[in-house]
Amino acid sequence: MNDDVRNIVLGLVATGLSASLGWLARTYLWRRKLRRRQAFFGLPDHSESLLVVNRNAGGPELSVMRHDVFALLELSALIKDCNALAQVVAHDATQQGFGERTEFCLGGPASNRRMAAHLSSLLPGVSVNIDAQAGPETGAFRIGGEDYRVDPGVTEYVLLARLTVDGQRDARPVFLFCGQRAITNQAATRYLARHHERLGRKYGTGSFVLLLKVVNSQAYGPDVVELVADVTRAARTPLPEPAGVAGGE
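## Notes on a positive patch on the surface
On the surface, a cluster of positive charge is made up of R32, R36, R198, R201 and K202. Contributions of two or more residues to the positive patch are made by helix 1 (3-41) and helix 4 (182-203). Sorting elements by how many residues they give to the positive patch places helix 4 first, with three residues. Residue position: R32 is located in helix 1. Looking at R32, the relative accessible area reads 36%, which means it is partly exposed.

## Notes on the side chain of H196
Of note, H196 is situated in helix 4. With relative accessibility at 10%, the residue H196 sits in the buried group. Aside from chain neighbours lying at most four places away, what touches H196 is R37, F40, F41 and L78.

## Looking at the sheet that holds strand 8 (residues 174-179)
Hydrogen bonds between backbone atoms are what pair the strands of a sheet, whose relative direction is either parallel or antiparallel. Pairing is mixed in the open sheet, where seven strands are placed in the order 2-1-3-8-7-9-10. Of all strands in the sheet, those bounded by a partner on one side alone are strand 2 (85-90) and strand 10 (225-230). Adjacent strand axes in the sheet meet at a mean angle of 20 degrees, parallel and antiparallel pairs treated alike. The sheet strands contacting helix 3 (residues 113-122) are strand 1 (48-53), strand 3 (102-106), strand 7 (155-163) and strand 8, and the helix crosses strand 8 at an angle near 110 degrees.

## Notes on the nonpolar core
It is characteristic of soluble globular proteins that their nonpolar side chains tend to be buried jointly. Of all hydrophobic cores here, the largest spans 28 residues; its most connected members are F41, L75, F104, F177 and L192. Elements supplying a minimum of two residues to this core: helix 1, strand 1, helix 2 (66-81), strand 3, strand 7, strand 8, helix 4 and strand 9 (208-215). Examining the composition of this core, we find that six residues originate from one element, helix 4, more than from any other. In contact with F41, other than residues within four places in its own chain, are L78, C82, T102, F104, P173, F175, L192 and H196. With 24 residues, the next largest nonpolar core counts C105, F141, L159 and L163 among its residues.

Definitions and limits used
- Residue positions within a chain follow its written sequence, with the count starting from 1.
- A pLDDT threshold of at least 70 governs which residues receive local features in this predicted model, and a stricter bar of 80 or more applies before side-chain atom pairs are shown or counted, although totals over entire chains, interfaces and linings include all residues.
- Only hydrogens and water are set aside when side-chain values are computed; all heavy atoms of the structure are taken into account.
- For patch detection, residues must exceed 30% relative accessible area and be free of salt bridges, and they are connected within 9 Å for like charges or within 5 Å for nonpolar side chains (Val, Leu, Ile, Met, Phe, Trp, Tyr).
- Residue-level accessible areas treat just the shown protein chains as cover; the underlying method is Shrake-Rupley with a 1.4 Å probe.
- A pair is scored as a salt bridge if a Lys or Arg side-chain nitrogen falls within 4 Å of a carboxyl oxygen belonging to Asp or Glu.
- Neither His nor the chain ends is counted toward charge; the positive residues are Lys and Arg and the negative residues Asp and Glu.
- Charge positions are represented by NZ for Lys, CZ for Arg, CG for Asp and CD for Glu.
- Strands here mean DSSP runs of E at least two residues long; helices mean DSSP runs of H or I at least four residues long; both are numbered from the N terminus.
- Three exposure classes are used, based on accessible area relative to the maximum for each residue type with a 1.4 Å probe and protein chains only: buried under 20%, partly exposed in between, and exposed over 50%.
- Note on contacts: a residue pair qualifies if any of its non-hydrogen atoms lie within 4.5 Å across the two residues.
- Pairs of strands are assigned from DSSP output, requiring at least two bridges between the strands.
- Only C-alpha atoms enter the line fits that serve as axes; for helices the fit covers just the stretch in contact. Angles between N-to-C directions range over 0 to 180 degrees.
- Here, nonpolar core refers to any group of buried Ala, Val, Leu, Ile, Met, Phe, Trp, Tyr and Cys residues whose side-chain atoms link them within 4.5 Å.

Rendered as structure tokens:
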């Protein structure tokens, strides 16, 4: 074998080794990224999850509002990326605890019984005005001592939460998308899809509650979303009782 042939062979071997090492490195990084995503969402390979939606007003059949359908599509893509499965169920057909399967719950407590239960048991520091006759206060959030009113199409708020059962290490999380209007639910799911890696780095597999503001949805739809605050502590601290209630008056 002369020197030219030897150099060609060595060059091919070096190229093959470089390609193999590059492929192994990319595969390792891809798998590590996948495992982190699966851990954040609580969705190991081939696991099942629940997509809990409200029923559209006007009939007993499961009829989901348009923006909630878009939100479900956002979540379905995330679930598929985790190599997991999803089942869509109505809020009043879900009769089980939490922690067994990852749950994604969409909608406000006025139309989603499951969301109302989660707010009551998991986020006692959050109050939502569901009185349709309350005028400008209808749909307003009260978190801690702060009120957040809805100005339809201009300024709207939504809670994005990842919650786990305290003391249960292997419990699957519950994700809440509690918005003042259906378009805000979609905005929260889109925010999660865009920022889940950053949220995973910041919070790991722990609980968090974020208050988001959807700006000018009548012009920009669900795309312009601002993070107002991390309200985890306030949302998980029970609201003080109104004056006169504690004394029984």
